[in-house]
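# Observations on the model geometry
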Amino acid sequence: MTRKRLRDDCFALPPGVDWTPVDEALARLRAALSRVTADEEVPLASAAGRILARPVIAKRDNPPAANAAVDGYAFAWDALCGADEARLPLAEGRAAAGRPFGGTVPAGYALRILTGAEVPAGTDTVVLQEDCEVSGNEVLIAAPRKRGANTRAAGEDAVAGTEALPAGRRIAPQDLARIASVGVGRVAVCARLRVGVLSTGDELIEPGAEGAGIFDANRPMLLAFLAAQGFEAVDLGRAPDRAEEVRAALDRGADEVDAILTTGGASDGDEDHVSKLLRAEGRIETWRIAVKPGRPLALGMWRGVPIFGLPGNPVAAFVCALVFARPALMLMAGAGWVEPEGVMLPAAFEKRKKPGRREYLRARLDPEGRVEVFRSEGSGLIGGLSWATGLCELPDGALEVVPGLPVRFLPFAAFGT
Ligand SMILES: Nc1nc2c(c(=O)[nH]1)N[C@H]1C(S)=C(S)[C@@H](COP(=O)(O)OP(=O)(O)OC[C@H]3O[C@@H](n4cnc5c(N)ncnc54)[C@H](O)[C@@H]3O)O[C@H]1N2
Ligand code: MOO
């Protein structure tokens with residue numbers, strides 16, 4: 001598959017649409033965007049964190065043959081004749097992992113077997129050695145509960161020719177075990193989505209620099225956030241609030257990335273040059289999303305590259321990156337539409353919420369496992385993001401939160417951060 005371009009008007013809202021509810025904004029992003037990345041093949045050793053471009057098909061059964069789940073003695077279930085215990089003579093030899101017994105165990109005999117060894121012909125059940133007494137050449141077996149006990153059937157984990165993992169799956173460390181176990185050494189993955197980050201604002205200075213100004217907090221945060229998602233994060237630097245400088249930075253970005261995140265200048269103020277420029281020269285939709293924080297989210301196309309104009313306040317920028325940019329970028333990357341896994345937990349706080357917009361509060365769990373929220377909802381309080389371990393999502397409608405009321409907690413980990 002080769003790299004694809006998106007339509008220029010993909011973010012257009014129907015005429016008359018004003019405050020867009022979060023779910024509708026997400027549905028629109030989902031409908032407007034599609035995968036843009038090409039396929040590439042990588043060895044398993046470098047596949048972690050990549051997105052599968054095609055399903056992984058098992059090359060063989062796992063396990064390839066029935067084998068013992070414990071160290072003990074293999075025997076034929078029928079040899080018990082329904083008794084609770086049986087004394088069986090031991091056959092010569094043993095079965096171990098990688099060293100199969102080879103022959104057939106004679107009827108009425110038991111064989112020493114170790115974990116992982118193929119279940120030898122003539123047997124179908126294994127008894128745990130702790131449940132046996134060996135004396136001389138005989139073993140006294142306390143009958144296991146059923147035929148086939150303590151064995152793992154061929155193909156019980158994966159069947160050759162069937163799908164072991166679906167396309168679109170972001171490969172987790174445990175997936176590498178799955179892929180390896182079905183005999184696959186190279187996988188087709190999506191090329192990494194390249195995402196640029198541009199901070200805008202006259203007031204911004206480099207972190208650690210001398211002088212008056214606001215340290216650019218968004219850029220390091222967003223670059224690291226993108227890298228954690230498995231994207232190639234591209235630093236497009238800072239641009240002051242001047243149209244030509246913002247234009248030059250976006251042009252630079254459009255040449256080398258698939259999508260751009262900007263922060264600042266997204267609302268409608270006199271110095272909000274990202275919106276202004278996109279409106280004048282590209283295509284922009286300023287989505288007034290019914291969400292707090294993050295009211296001004298600008299979505300635009302710049303020379304065929306989608307731009308997510310996130311709010312300048314770092315807290316709002318982070319929340320919008322998690323809630324809106326992440327699923328959109330994952331879709332473009334080839335992962336399909338992703339939704340964070342949240343949990344309903346009792347609140348440890350009180351709040352009277354007005355109707356009309358969804359709210360995301362910085363939150364964490366108290367020692368009783370209840371959701372507590374940061375001391376203030378101010379979007380400039382960056383420290384609250386480090387205090388929190390996730391977000392508490394309050395629904396669009398009015399709500400009176402009282403301690404004990406179940407509320408939705410979205411751990412940051414659910415956003416891959
Ligand atoms: N009349 C209105 N004014 C504002 C509205 C509104 O709806 N109507 N929304 C407010 C909200 S909510 C937010 S959030 C901000 C977003 O504005 P912008 O996206 O245009 O961002 P700026 O005005 O450039 O900056 C806002 C704030 O954040 C600081 N900032 C910006 N970039 C960074 C950075 N990289 N690192 C650290 N801090 C940054 C900036 O200095 C400002 O303090 O608009 C409200 N106003
Ligand atoms: O998006 Mo703003 O930061 O809600 O305050």
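The text that follows walks through the structure, step by step, so that each part is easy to find. Bear in mind the structure is a predicted one, so any value in this text is a computation, not a measurement.

## Looking at the site of ligand 2
The environment of ligand 2 is made up of P293, G294, R295, N313, A316 and S379. Here G294 contributes a backbone N or O atom positioned 2.4 Å from an oxygen atom of ligand 2. A distance of 2.4 Å separates an oxygen atom of ligand 2 from a polar atom in the side chain of S379. Across the shell around ligand 2, the residue classes tally to two nonpolar, three polar and one charged.

## A closer look at helix 3 (residues 218-228)
Every α-helical turn comprises 3.6 residues, leaving residues that sit three or four positions apart pointing alike. Within the sequence span of helix 3, burial applies to N218, R219, M221, L222, L223, F225 and L226. Turning to helix 3, the residues buried within the fold contact strand 14 (194-200), strand 17 (232-239), strand 18 (259-263), strand 22 (305-310), helix 6 (314-333) and helix 7 (383-387).

## What to know about the state of the cysteines
As enumerated under the stated definition, the model contains zero disulfides in all. As a non-bridged cysteine, C392 has C320 as the owner of its nearest cysteine sulfur, 17 Å distant.

## Focus: the layout of surface pockets
As a volume, the largest pocket reaches approximately 270 Å³. Considered class by class, the residues forming the lining of the largest pocket number six nonpolar, eight polar and five charged.

## Thoughts on the site of ligand 1
With respect to spatial proximity, 20 residues lie near ligand 1, and among them E203, D216, A217, D272 and G312 are the closest. One of the backbone nitrogen or oxygen atoms of G265 is found 3.2 Å away from an oxygen atom of ligand 1. Computed on the free molecule, ligand 1 has an accessible area of 870 Å², of which 65% lies beneath the protein chains in the complex. The residue inventory of the shell around ligand 1, partitioned by class, reads eight nonpolar, eight polar and four charged.

Cut-offs applied
Residues numbered from 1 in each chain as written. Chains lettered and ligands numbered in written order. Predicted model: local features only at pLDDT ≥ 70, side-chain atom pairs only at ≥ 80, totals over all residues. Heavy atoms only, no water. Near = heavy atom within 4 Å. Polar contact = N/O pair within 3.5 Å; in protein donor to acceptor, adjacent residues only side chain to side chain. Nonpolar A, V, L, I, M, F, W, Y, C, P; charged D, E, K, R; others polar. Buried < 20%, exposed > 50% of the residue type's maximum accessible area, 1.4 Å probe, protein only. Helix = DSSP H or I, 4+ residues; strand = E, 2+ residues; numbered from the N terminus. Contact = heavy atoms within 4.5 Å. Disulfide = S-S within 2.5 Å. 1 Å grid on protein atoms, 1.4 Å probe; cavity = no way out; pocket = protein on both sides within 12 Å on 5 of 7 lines; lining within 4 Å. Points joined across faces, edges and corners; volume = space filled by probe spheres on them. Areas by Shrake-Rupley, 256 points an atom, 1.4 Å probe, with all protein chains shown as cover.

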